[in-house]
Amino acid sequence: MSEPTRFSIGGAQGNLVDQLGKMSNRHGLIAGATGTGKTITLQVLAECFSRLGVPVFAPDIKGDLSGMANAGRPHPKIDARLEKIPLESYQQRAYSVVFWDIFGQNGHPIRSTISEMGPLLLSNMLALNDTQTGVLYSCFKIADDQGLLLLDLKDLRSILSWTAENAAELRRDYGNISGASVGAIQRRLLVQEEQGAEHFFGEPAINLSDLMQVDFSGNGVVSMLDASKLTVQAPAVYGSFLLWLISELYEQLPEIGDPDVPRLVFFFDEAHLLFKKSSPELIEKIEQVVRLIRSKGVGIFFITQSPLDIPEAVLGQLGLKVQHALRAFTPKDRKVIKSAAQSFRPNPNFDTETTLTDLGIGEALVSVLDSKGRPLPVQRTLIRPPESSIGALDQQTR
């Protein structure tokens, strides 16, 4: 039998902490307080998957992940870290990156249509109540029955207006359609349009195969979404878009079971934006997609400050856990630390709960799965340094 595909996340005391490629479609979590090294860990994992030939999709929240397109440079801190971690194959290099941007300013435009987004995700993006959501479902049903394709926000406003004007005739087949509810939806659409949603909805819709490329060397291409403006100006669009993307991957990709390495790894930074204020129906859909997309060979990795940002039903499905330092300033903080510690399989060599507050920058508690999918005891780990550049790419190079 051949040696299983694996890569080293980091190490300590001369021992490496390895992640099995075959377990990487069991998803993962990167968590920790601000400034503890979550973005560098994301960069390191993205590099590792790329070297295995796995395409990667990752949002760039602060702009500093874009440095992956440049080779790293020697630095005393990197040399010091490498002395503590026995990495034989470390080589500073650039990685193949394609930039995407919903606003079309710092990357290729990325779009979907209203019809492809669907009423569930759209109602969550617009923060509609149950009555307004019902009206939106009716509009989508009317469009389907009439063979109408809803492409952009103008199309949606048109069908809403027509539905309100013909509510009496439509009531028998589609239920009561309140003019007040239609008006409320229209106002929410105006708000989203001012935040830039009109840049996202329209044709041509993105082809998922564009996100699943390898370069001439066989390395996975990193598709990077510029989200520096998006998460500030339109966080609802950001969350809805990423959820739509993984839903499309689940619906379109064929079943492949557990491959030696994933066919795609998907990073979801600022994951709390996905679950915050989401309806129970949407959270149930997220849980279902996370549970089932594994068999499509797709690994999803959530990045957030607190593991409590992730619903328990989703958190229980995450195989790789990288927990950076947490701070204990308030009773709520101590509750988070206790909960995070209890999510790991204990290591008899240290107290997990105490260690969580003692970790330094670039250090984490890491738990991986063995070849049978069982969590191994948690390890206190120094995260390996990235091979690409740390920090934002300058605009000219971009």
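Numbers given for residues are sequential positions, taken from 1 along each chain in its written order. Owing to the predicted nature of the model, reporting of local features is limited to residues with pLDDT of at least 70; listing and counting of side-chain atom pairs is limited to 80 or more, with chain, interface and lining totals taken over all residues. To get the side-chain values, take all heavy atoms of the structure and skip hydrogens and water.

Engineer: Please explain the layout of surface pockets as it appears in this structure.
Structural biologist: A 1.4 Å probe that fits but cannot get out identifies a cavity on a 1 Å grid over protein atoms alone, an open set with protein on both sides within 12 Å along at least five of seven lines counts as a pocket, and a residue lines either if it has an atom within 4 Å of a point. Grid points are joined across faces, edges and corners, and a volume is the space filled by probe spheres set on the points. In this structure, the largest pocket spans a volume of roughly 890 Å³. Labels follow the DSSP assignment, with helices taken as runs of H or I lasting at least four residues and strands as runs of E lasting at least two, numbered in each case from the N terminus. Only α1 (38-51), α2 (76-84) and β8 (298-304) provide two or more residues apiece to the lining of the largest pocket. Of all the elements, α1 adds the most residues to the lining of the largest pocket, at four residues. In this count, Pro and Cys sit with the nonpolar residues alongside Ala, Val, Leu, Ile, Met, Phe, Trp and Tyr, while Asp, Glu, Lys and Arg are called charged and the others, Gly among them, polar. Its residues placed into classes, the lining of the largest pocket shows 10 nonpolar, 16 polar and nine charged. The computed volume of the second largest pocket comes to approximately 510 Å³. Lining the second largest pocket are 25 residues, with N124, A127, K276, K277 and S278 sitting closest to its centre. Among the elements of the structure, α3 (114-125), α4 (130-146), α9 (235-252), α10 (272-275) and α11 (280-292) are those that each provide at least two residues to the lining of the second largest pocket. The residue inventory of the lining of the second largest pocket, partitioned by class, reads 12 nonpolar, nine polar and four charged.

Engineer: I keep staring at the pairing of strand β2 (residues 15-20) and nothing clicks. Help me out?
Structural biologist: Successive residues of a regular strand alternate their side chains across the two faces of the sheet. Any two strands are treated as partners once DSSP identifies two or more bridges connecting them. Note that strand β1 (residues 6-12) and β2 share six bridges and pair antiparallel. Among the inter-strand pairings, R6 is bridged to a residue of β2, identified as L20. As consecutive antiparallel partners, β1 and β2 are separated by two residues, and within that stretch Q13 has a phi angle of approximately 55 degrees, a positive value.

Engineer: Explain the side chain of T133 here, please?
Structural biologist: In this fold, T133 is placed in helix α4. Using a relative accessible area of 16% as the deciding quantity, one classes T133 as buried. Within the structure, the side chain of T133 is placed 2.8 Å from the backbone oxygen of N129, a separation counted as a polar contact. By the convention used here, residues are in contact when the closest approach between their heavy atoms is within 4.5 Å. Look past the residues within four positions of T133 in its chain and what remains in contact with it is S123 and L128. Partly exposed residues are those whose accessible area sits between 20% and 50% of the maximum for their type, while under 20% is buried and over 50% is exposed, using a 1.4 Å probe and protein chains only. For the purposes of these results, a polar contact is taken to be a pair of N or O atoms within 3.5 Å, where, inside protein, one atom must be able to donate a hydrogen and its partner to accept one; residues adjacent in sequence count only when each atom of the pair is a side-chain atom.

Engineer: Help me understand the sheet that holds β1 in this model?
Structural biologist: Across a sheet, strands are paired by hydrogen bonds formed along the backbone, either parallel or antiparallel in direction. Sheet architecture is open: 11 strands sit in the order β2-β1-β11-β10-β9-β3-β8-β7-β4-β6-β5, paired in mixed fashion. The open sheet has two edge strands, β2 and β5 (97-100), and neither has a second partner. Adjacent strand axes in the sheet meet at a mean angle of 30 degrees when their direction is disregarded. Examined bridge by bridge, strand β4 (residues 56-60) and strand β6 (residues 222-226) share five bridges and lie parallel to one another. Note on β6: the bridge partner recorded for A58 is M224. Helix axes are fitted only over the stretch in contact, all axes being lines through C-alpha atoms; the angle between N-to-C directions runs from 0 to 180 degrees.

Engineer: Help me understand the packing of aromatic side chains in this model?
Structural biologist: The geometry of an aromatic ring pair is captured by the separation of the ring centres together with the interplanar angle, meaning the angle of the planes. Only centres within 6.5 Å qualify two rings of Phe, Tyr or Trp (six-membered ring in Trp) as a pair; their planes then separate them into stacked at under 30 degrees, edge-to-face at over 60, and tilted for everything else. All told, the structure shown has 13 aromatic pairs when counted by the stated rule. Arranged with centres 6.0 Å apart and planes meeting at 85 degrees, the rings of Y238 and F268 form a pair that is edge-to-face. Of this pair, Y238 sits in helix α9 while F268 sits in strand β7 (residues 264-268), placing them 30 residues apart in sequence. Among the residues examined, Y238 registers a relative accessible area of 0% and is labelled buried. Note on F275 and F302: the rings are 5.9 Å apart at their centroids and 50 degrees apart in plane angle, and the pair reads as tilted.

Engineer: Where do I start with empty space enclosed by the protein in this structure?
Structural biologist: Once rolled over the atoms, a probe with the size of a water molecule shows which space is left empty. Applying the stated criterion across every chain, the model contains two cavities of 30 Å³ or more. Its boundaries defined by the atoms lining it, the largest cavity holds a volume of some 50 Å³. Around the largest cavity, the lining residues are L29, A31, P307, L315, K321, V322, Q323, A340, S343 and F344. Secondary-structure elements contributing two or more residues to the lining of the largest cavity are β3 (28-31) and β9 (320-323). No other element matches β9, which puts three residues into the lining of the largest cavity.

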